[in-house]
Amino acid sequence: MKEMRATRYVPIIDGQPGGWRVWFPDAPACAAVGPTAVDALRDGFDAVAAWLDYREAEDIPAPDPRTVDELLNDPEVKVRLAGGAKLVEM
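So, a few notes on the structure that sits alongside this text. (Residues numbered from 1 in each chain as written. Predicted model: local features only at pLDDT ≥ 70, side-chain atom pairs only at ≥ 80, totals over all residues. Heavy atoms only, no water.)

Bringing the pairing of strand β1 (residues 12-16) into the picture now. Looking at chain direction, β1 and strand β2 (residues 19-23) are connected through five bridges and run antiparallel. Bridged to Ile13 within β2 is Val22. Between β1 and β2, which pair antiparallel in sequence order, lie two residues; one of them, Gly18, sits at a positive phi of approximately 100 degrees. Of the pairings in the sheet, the one linking β1 to strand β4 (residues 86-87) comprises two bridges and is antiparallel in character. Note on β4: the bridge partner recorded for Ile13 is Lys86. (Pairing = 2+ DSSP bridges. Helix = DSSP H or I, 4+ residues; strand = E, 2+ residues; numbered from the N terminus.)

Right, dumping it as structure tokens:
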């Protein structure tokens, strides 16, 4: 069976009470922090939306998001996950 391509940018989250960080491996420079995981995720998705709007306005193509399997094979993602970060599938 052929794997379906991702249609959304998948976030990685790490942190602890009082400080959470979200970043998107396929959306360079898109990251957010927040006092709770929910706050960080919300702000992260806002950051990705703004990043996509900017790229569209400047006629810069956005990279295709990778599948979860592809992300799990990314060396940087592997290091982050080994350190306790979590990939958030939505």
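The terminal C-alpha atoms of helix α1 (residues 37-57), which comprises 21 residues, lie 30 Å apart, in line with the 30 Å expected from a rise of 1.5 Å per residue. For α1, every residue scored as buried is listed here: Asp39, Ala40, Leu41, Gly44, Val48, Trp51 and Arg55. Buried residues along α1 sit against β1, β2 and β3 (31-34). (Expected span 1.5 Å × (residues − 1). Buried < 20%, exposed > 50% of the residue type's maximum accessible area, 1.4 Å probe, protein only. Contact = heavy atoms within 4.5 Å.)

Taken as a whole, this structure holds five salt bridges when the rule is applied. Residue Arg66 is joined to Asp26 by a salt bridge in which the shortest nitrogen-to-oxygen separation is 2.5 Å. Highlighted residues: Arg66 in the loop between α1 and α2 (68-72) and Asp26 in the loop between β2 and β3, separated in sequence by 40 residues. Between Arg42 and Asp43 there is a salt bridge; the shortest N-O distance is 3.4 Å. The class for Arg42 is partly exposed, based on a relative accessible area of 44%. (Salt bridge = Lys/Arg side-chain N within 4 Å of Asp/Glu carboxyl O.)

Further remarks concern the packing of aromatic side chains. A full pass over the atoms with the stated rule returns two aromatic pairs. Ring centres 5.7 Å apart and planes at 90 degrees place the aromatic pair Tyr9 and Trp51 in the edge-to-face group. Taken together, the residues span a long stretch of sequence, with Tyr9 in the segment before β1 and Trp51 in helix α1 at a distance of 42 residues. The class for Tyr9 is buried, based on a relative accessible area of 12%. On the basis of relative accessibility, which here comes to 12%, the residue Trp51 falls in the buried class. When the ring of Phe24 is compared with that of Phe45, the centres are 5.6 Å apart and the planes differ by 65 degrees; the resulting orientation is edge-to-face. A residue pair is termed long-range when its members are at least 10 positions apart, and Phe24 in the loop between β2 and β3 and Phe45 in helix α1 qualify at 21 residues. Judged by relative accessible area, which is 2%, Phe24 ranks as buried. Cation over ring: Arg80 sits above Trp23, and NZ or CZ is 4.5 Å from the ring centre. (Phe/Tyr/Trp six-rings, centres within 6.5 Å; stacked < 30°, edge-to-face > 60°. Lys NZ or Arg CZ within 6 Å of the ring centre and 35° of its normal.)

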